[in-house]
Amino acid sequence: MMELPHFPDWSTMVKHAFLSFVEEDLGTVRMFRGQAKNKNSLLSFDDYSVKVPYNSTDAAYIRTQITSKIRAASVTICLIGPTTYTSQWVDWEIRKSAEVGNKIIGVRLYSDRACPTPKALTDLRAPVLDWDIDAIVRAIG
């Protein structure tokens, strides 16, 4: 009987990353996603773009939906822009990611602007990197 060649299962090599960011940075986040895809990195992104106030009546439902996406990922990448540190949603997403055991990394979206690091990243001592897809992939492992 002839043995078939073994090919790697790429689906098991892909790293699923949950992206945490603020709506104001969505255009730049799209560029980040596109660059990662163009570099043919084995990153797959998931996020839940939240436009609802953190304390709204829909917040509990939204947290449930976001939690399922965070649990499906092995890493959470917080994309840091000028106002990211003010977002209660980003803070919650980072802390929920730590709670479920995800690796957490911060990435600065802008090199030409002051972008304070969100407190949750600092509290968790998560590494914060410049926007460099190769370095980010290495940090994810």
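Residues numbered from 1 in each chain as written. Predicted model: local features only at pLDDT ≥ 70, side-chain atom pairs only at ≥ 80, totals over all residues. Heavy atoms only, no water.

Asks: When you look at the sheet that holds strand β2 (residues 43-46) in this model, what are you seeing that I'm missing?
Replies: Strand pairing in a sheet relies on backbone hydrogen bonds. The paired strands run either parallel or antiparallel. Strand order in this open sheet of 5 strands is β2-β1-β3-β4-β5, and the pairing throughout is parallel. If you trace the sheet from one side to the other, it starts and ends with β2 and β5 (128-130), each paired once. Averaged over all neighbouring strand pairs, the angle between strand axes comes to 35 degrees, with direction disregarded. Relative to β5, strand β4 (residues 103-108) runs parallel, the two being bridged by 3 bridges. (Pairing = 2+ DSSP bridges. Helix = DSSP H or I, 4+ residues; strand = E, 2+ residues; numbered from the N terminus. Axes fitted to C-alpha atoms, helices over the stretch in contact; angles between N-to-C directions.)

Asks: What is the right way to look at the pairing of strand β3 (residues 75-80) in this model?
Replies: Residues in a regular strand project their side chains so that they alternate between the two faces of the sheet. With 6 of its 6 residues buried, β3 lies for the most part within the structure. The alternating pattern of β3 places Val75, Ile77 and Leu79 on one face and Thr76, Cys78 and Ile80 on the opposite face, and all of these are buried. Bridge count for strand β1 (residues 15-20) against β3 is 4 bridges, and the pairing is parallel. In the sheet register, Leu19 faces β3, and the bridge partner there is Ile77. (Buried < 20%, exposed > 50% of the residue type's maximum accessible area, 1.4 Å probe, protein only.)

Asks: I'm lost on the packing of aromatic side chains in this one. Help?
Replies: Remark: the centre distance and the inter-plane angle together describe each pair of aromatic rings, the angle taken between the planes. Going through the model one piece at a time under the given rule, you end up with 3 aromatic pairs. Plain terms: the ring middles of Phe32 and Phe45 are 5.6 Å apart, the flat faces sit at 45 degrees to each other, and that makes the pair tilted. One end of the pair, Phe32, is in helix α2 (residues 26-38); the other, Phe45, is in strand β2, with 13 residues separating them in the sequence. The residues Phe32 and Phe45 share a single accessibility class, namely buried. Measuring from centroid to centroid gives 6.2 Å for Trp89 and Trp92, while their planes differ by 90 degrees, and the two rings are edge-to-face. (Phe/Tyr/Trp six-rings, centres within 6.5 Å; stacked < 30°, edge-to-face > 60°.)

Asks: Honestly, the packing of helix α3 (residues 59-72) against helix α4 (residues 88-100) in this entry has me stumped. Any pointers?
Replies: Relative placement of two packed helices is described by the angle separating their axes and the distance separating the axes. Running from N to C, α3 and α4 cross one another at 45 degrees; their axes reach a closest spacing of 10 Å. Taken together, α3 and α4 sit at an angle that is classed as oblique. Like other packed secondary-structure pairs, α3 and α4 cross with a definite hand, here right-handed. Contacts from Ala59, Ile62, Arg63, Ile66, Thr67, Ile70 and Arg71 of α3 reach α4 at Trp89, Trp92, Glu93, Lys96, Ser97 and Val100. Residues that form the contact of α3 with α4 fall into these classes: 7 nonpolar, 2 polar and 4 charged. (Parallel < 35°, antiparallel > 145°, perpendicular 65-115°, else oblique. Left-handed = near helix turned anticlockwise from the far one by under 90°. Contact = heavy atoms within 4.5 Å. Nonpolar A, V, L, I, M, F, W, Y, C, P; charged D, E, K, R; others polar.)

Asks: Sorry, what's going on with the nonpolar core here?
Replies: In a soluble, globular protein the nonpolar side chains are often hidden away together inside. The biggest cluster of nonpolar side chains holds 29 residues, and the ones touching the most others in it are Leu19, Phe32, Phe45, Ile77 and Leu79. Put simply, the parts of the chain that give this core at least two residues each are β1, α2, β2, β3, α4, β4, α5 (119-123) and α6 (133-140). The element best represented in this core is β3, accounting for 5 residues. Counting 8 residues, the second largest nonpolar core, distinct from the first, contains Ile62, Ile66, Ile70 and Trp92. (Core = buried A, V, L, I, M, F, W, Y, C linked by side-chain atoms within 4.5 Å.)

Asks: Please clarify how unusual backbone geometry should be interpreted in this entry.
Replies: Outside of glycine, negative phi angles account for most residues, and trans bonds account for most peptide bonds. The phi torsion at Arg125 lies on the positive side, around 55 degrees, for a residue other than glycine. Mapped onto the secondary structure, Arg125 falls in the loop between α5 and β5.

Asks: Please clarify how the side chain of Asn102 should be interpreted in this entry.
Replies: Inspection of the secondary structure puts Asn102 in the loop between α4 and β4. Engagement of the side chain of Asn102 in a polar contact is seen with the backbone oxygen of Ile70, the distance being 3.1 Å. Apart from residues lying up to four places away in sequence, Asn102 is in contact with Ile70, Ala73, Ser74, Val75, Thr76 and Ser97. (Polar contact = N/O pair within 3.5 Å; in protein donor to acceptor, adjacent residues only side chain to side chain.)

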